[in-house]
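Breakdown of the fold
If you want the building blocks of each chain, they are given just below.
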Amino acid sequence: MSPAVTPGTLPGPPAEPTGRAAKTTEWPLWEVFVRSKAGLDHKHCGSLHAADPQMAIQLARDVYTRRQEGTSIWVVRSDQIVASDPGEKAAYFDPMADKVYRHPTFYDLPKSVDHM
Amino acid sequence: MQSSIEVSRQPAVRYLLRIGDTCLIQAQRLGEWCGHGPVLEEDIAMTNMALDLVGQARAVLTRAGALEAELGGTAHDEDQLAFLRDERDFLNLTIAELPRGDFAVTVLRNFALSTLLKLLWQRLLDSSDAELAAIAGKALKEARYHQQHAGDWVLRLGGGTEESQRRLRAAVDLLWPYLPEAFESDEVDDEAFASGLGPRCADLADAWHAEVAPVLDEAGVAPPAPRAFRSTGKKGVHSEHLGYILAEMQHLQRSHPGGVW
Amino acid sequence: MYTQAMDTMGKEGGDLKKPLRSAEDLANEERFEARIDAGDFIEAKDWMPEHYRKTLVRQISQHAHSEIVGMLPEGNWISRAPTLKRKAILLAKVQDEAGHGLYLYAAAETLGTSRDQLFDALHSGKAKYSSIFNYPTLTWADMGVIGWFVDGAAIMNQVPLCRCSYAPYARAMVRICREESFHQRQGFESLLTLMTKGTDSQKAMVQDAVNRWWWPSLMMFGPPDADSPNSEQSMRWGIKRISNDALRQKYLDATVEQAKVLGVTLPDPELRWNEERQAHDFGAIDWTEFWAVVNGDGPCNRERLAARVKAWEDGAWVRDAALAYSRKRDALKEAA
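Residues numbered from 1 in each chain as written. Chains lettered and ligands numbered in written order. Predicted model: local features only at pLDDT ≥ 70, side-chain atom pairs only at ≥ 80, totals over all residues. Heavy atoms only, no water.

Before going further, it helps to examine the overall build of chain A. Along chain A, the regular secondary structure elements total three helices and three strands. The buried share among the 116 residues of chain A stands at 34%. In chain A, the proportion of contacts linking residues at least 24 apart, taken out of those at least 6 apart, comes to 48%. (Helix = DSSP H or I, 4+ residues; strand = E, 2+ residues; numbered from the N terminus. Buried < 20%, exposed > 50% of the residue type's maximum accessible area, 1.4 Å probe, protein only. Contact = heavy atoms within 4.5 Å.)

Written as structure tokens, this is what we have:
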């Protein structure tokens, strides 16, 4: 998942004055997640600007499911997403590498039951 | 120059052409927004709608062209009907051919027409014409979505800013006089009703008002007082606008007789 | 091709004098370069050199602007499409392009800019878009030729970008490539119909369109490698995968074969197969024309920009209304 807005580097008003602060007149950004088929997870497919939640859902349908690619759509305002800090990758994720017994390939099973 | 075709004047055919032509001309107007929408996402939404309407037009015109032959006339395909008919033989509601206008005019027209089409497709599910019923099945889903999208925008504009309210009011004043045409039945409707082909125009009026009035109310716009004026597009006598639409739309086919595209 | 104006641009003032970098910065840069060399993907929140970030914002946004502006020359023929099927296909294609623009603006926004800022840059004339869209679409055959030439060139450029080091851009490209294949096919198929089943006037229309669009299409790939010093850095960073000249040659060789199938002549008397190079030799490209068009002096630059500015300005009240409505509703919810 790659959130559009990186905390700490929020888009601010443009460098040159344009007579209108971009922040207050721009439609908020939403992240779109689509479940393409029953049984699958919702997948992040991109983002779009919408003024309100209903619009976000409708536009997500128009933009991201044009080719019948969805059974369910989630939209989340980008600034509502909380993400892990990539700098802490080592702390969060490295310990998992040690725990190989969590992986199915660790276990040698007789052929007759290996399809699990 | 390719000259115009002669079209059957049978009521059943005319009934279908009214529907197909309204979809086609409305699609033609919606397509004008391509690349000029107020925001990219809406450009996509409106083009989507135009595409749906073109699809509905194609299906209905194809059925109408085949019906012509079934009723003893000459068969025509969707393109002959779209590109080689004279203006007087186009039977769309006049409201569809009015200029694109601003975004308020567009969403209000979308709302009015998609509500009408939705109610029509709902009734056509039971049409005695199996093909028309099948077309209605698919079109109904699309019309529902169009109505939802347009209705939401009417509310946004009505409840938005002073300017959007002003423009929405101007849009109602502009468009409303063209709606009575949609709800007054004539002999074409009576024939369709008698044969089970489809409902009379007037039969849809109450349901249409029931769906549209609350939205206008919430948006803070009141329809203008009824007037005597009646548009007559569905009888083939149009406003000054259709001529220009057809001149543009039909130009290529007219100037390349026998052309294959 | 979305970097046409960037390939020869001098480094901006700020880049000329490299600010003193801390030990941390240097360490970050080393790690970054190592990741690039290892073929890793860079995500939005990863550390990246400022020049990498700036280059990507430029390139991705120019790509996005190209899609949006590209809707205009094709949109020009929606109302006049000669059959309902062609009308539907054209509507779908232009709609796709709007969608592609949207994916790309979204990818650019992950780099810390906003769509409004990007539009500001486009509307003020600062940001560029692909030169090809500054040419007029004069006949229906232009639609087919654009699909064949322009989308063909775009696909050639876009496939390698699916492996761009910056992941949000790469992902947008994968999505775009999946949708793009129908664009070139429908263009070619339309031309094939005109050339094999059409009247003489239709065939002449196709040849005329080919004559007008061929050279501008070759220019899409940007200046020759020898004149593109910035390409090198972009290649090292995995932003650009194949050189301008290499792509142009590949495109030309493929297109020459397709032209034979159609039965059209490409307007280049010097075009011939070179057995030694196993590629086609071709005539000299008029780079004066290219630079004039890139710098704002092509046939349609002013119109294209004016159309986009008008759409944006005319749409301000709509955007404002939607925001106002949404805020009023939020306020009501809070009060409840």
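Before going further, it helps to examine the packing of aromatic side chains. The full count for this structure, using the stated rule, is 22 aromatic pairs over all chains. Ring centres 5.4 Å apart and planes at 25 degrees place the aromatic pair Tyr64(A) and Tyr103(C) in the stacked group. With Tyr64(A) in helix H2 (residues 53–64) and Tyr103(C) in helix H4 (residues 84–109), this pair bridges two chains. On the accessibility criterion, Tyr103(C) (4% relative accessible area) is buried. Three or more aromatic residues joined by ring pairs make a cluster, and in this case those are Trp148(C), Phe149(C), Phe188(C), Trp214(C), Phe221(C) and Tyr251(C). A cation over a ring is seen here: Arg80(C) above Trp77(C), with NZ or CZ 3.6 Å from the ring centre. (Phe/Tyr/Trp six-rings, centres within 6.5 Å; stacked < 30°, edge-to-face > 60°. Lys NZ or Arg CZ within 6 Å of the ring centre and 35° of its normal.)

Before going further, it helps to spend a moment on the pattern of salt bridges. For the coordinates displayed, the defined rule picks out 38 salt bridges over all chains. Between Arg115(C) and Glu41(B) there is a salt bridge, and its shortest N-O distance comes to 2.6 Å. Placement of Arg115(C) in helix H5 (residues 115–123) and of Glu41(B) in helix H2 (residues 40–70) is noted, with the two residues assigned to different chains. For the pair Arg115(C) and Glu41(B), a shared accessibility class is recorded, and that class is buried. For the salt bridge of Arg63(B) with Glu131(B), the shortest nitrogen-to-oxygen distance reads 3.9 Å. Here Glu131(B) lies in helix H6 (residues 130–158) and Arg63(B) lies in helix H2, a separation of 68 residues in the sequence. (Salt bridge = Lys/Arg side-chain N within 4 Å of Asp/Glu carboxyl O.)

If you roll a probe as big as a water molecule over the atoms, it shows you where there is empty space left. Applying the stated criterion across every chain yields a total of 10 cavities of 30 Å³ or more. Arg18(B), Ile19(B), Leu93(B), Leu120(B) and Cys201(B) are the residues nearest the centre of the largest cavity, which is lined by 15 residues in total. Of all the secondary structure elements, the ones that give two or more residues to the lining of the largest cavity are helix H1 (11–31) and helix H5 (103–124) of chain B. Considering each element in turn, the lining of the largest cavity owes the most residues, four residues, to H1(B). By residue class, the composition of the lining of the largest cavity is 10 nonpolar, one polar and four charged. For the second largest cavity, the calculated volume is near 170 Å³. Contributing to the lining of the second largest cavity are 17 residues, with Glu67(C), Phe133(C), Val150(C), Asp151(C) and Ala154(C) lying nearest its centre. Contributions of two or more residues to the lining of the second largest cavity are made by helix H3 (50–75), H4 and helix H6 (141–161) of chain C. If you tally residues by element for the lining of the second largest cavity, the top one is H6(C), at five residues. (1 Å grid on protein atoms, 1.4 Å probe; cavity = no way out; pocket = protein on both sides within 12 Å on 5 of 7 lines; lining within 4 Å. Points joined across faces, edges and corners; volume = space filled by probe spheres on them. Nonpolar A, V, L, I, M, F, W, Y, C, P; charged D, E, K, R; others polar.)

What follows is about unusual backbone geometry. Residues and elements named next belong to chain C. In this model, Gln278 sits at a positive phi of 55 degrees, which is unusual for a non-glycine residue. Note that Gln278 resides in the loop between strand E1 (272–274) and strand E2 (279–281). Judged by its relative accessible area of 47%, Gln278 is partly exposed.

Counting residues in each nonpolar core, the largest one holds 199 residues, and the members touching the most others are Leu48(A), Trp121(B), Tyr52(C), Phe149(C) and Tyr166(C). Ignoring sequence-local partners within four residues, the contact set of Phe149(C) consists of Val210(C), Trp213(C), Trp214(C), Ser217(C), Tyr251(C), Thr255(C) and Leu266(C). (Core = buried A, V, L, I, M, F, W, Y, C linked by side-chain atoms within 4.5 Å.)

Turning our eyes to something else, we now look at the interface of chain C and chain B. Taken together, the contact between chain C and chain B spans 47 residues of the former and 49 residues of the latter. Both sides together, the interface formed by chain C and chain B hides about 4,000 Å², and carbon and sulfur atoms give 69% of it. Run the count over chain C and chain B and you get one salt bridge. Remark: the boundary between chain C and chain B carries 15 residue pairs in polar contact (both at pLDDT 80 or more). If you list the elements that add at least two residues to the side of chain C that touches chain B, you get H3, H4, helix H7 (167–197), helix H8 (200–219), helix H12 (301–314) and helix H13 (316–335) of chain C. Looking at the side of chain C that touches chain B residue by residue, the classes come out as 27 nonpolar, 10 polar and 10 charged. (Buried area = accessible area lost by both parts, 1.4 Å probe. Polar contact = N/O pair within 3.5 Å; in protein donor to acceptor, adjacent residues only side chain to side chain.)

Between its first and last C-alpha atoms H13(C) spans 29 Å; for 20 residues at 1.5 Å apiece the expected length is 28 Å, and the two agree. Of the residues making up H13(C), those classed as buried are Ala316(C), Trp317(C), Val318(C), Arg319(C), Ala321(C), Ala322(C), Leu323(C), Tyr325(C) and Ser326(C). (Expected span 1.5 Å × (residues − 1).)

All names here are of chain A. By the criterion of burial, strand E2 (residues 43–49) is predominantly enclosed, with five of the seven residues buried. Across six bridges, the pairing between strand E1 (residues 29–35) and E2 is antiparallel. Residue pairing across strands places Phe33 opposite His44, the latter belonging to E2. (Pairing = 2+ DSSP bridges.)

What follows is about H6(C). With 21 residues, H6(C) should cover 30 Å at 1.5 Å per step; its first-to-last C-alpha distance of 30 Å lies within 8% of that length. Counted residue by residue, H6(C) has 19 buried out of 21 residues, so it is predominantly covered.

Moving on to the pairing of E1(A). All names here are of chain A. Of all seven residues in E1, six are buried; the element is thus mostly enclosed. Pairing of E1 with strand E3 (residues 72–77) involves six bridges; the strand directions are antiparallel. By the bridge assignment for E3, Val34 is matched with Ile73.

All names here are of chain C. Here H3 crosses H12 at 110 degrees, and the two axes come no closer than 10 Å. One finds that H3 runs roughly perpendicular with respect to H12. Contacts between H3 and H12 pair Ile68, Val69, Leu72 and Pro73 from the former with Arg304, Ala307 and Arg308 from the latter. Taken together, the residues of the contact of H3 with H12 sort by class into five nonpolar, no polar and two charged. (Axes fitted to C-alpha atoms, helices over the stretch in contact; angles between N-to-C directions. Parallel < 35°, antiparallel > 145°, perpendicular 65-115°, else oblique.)

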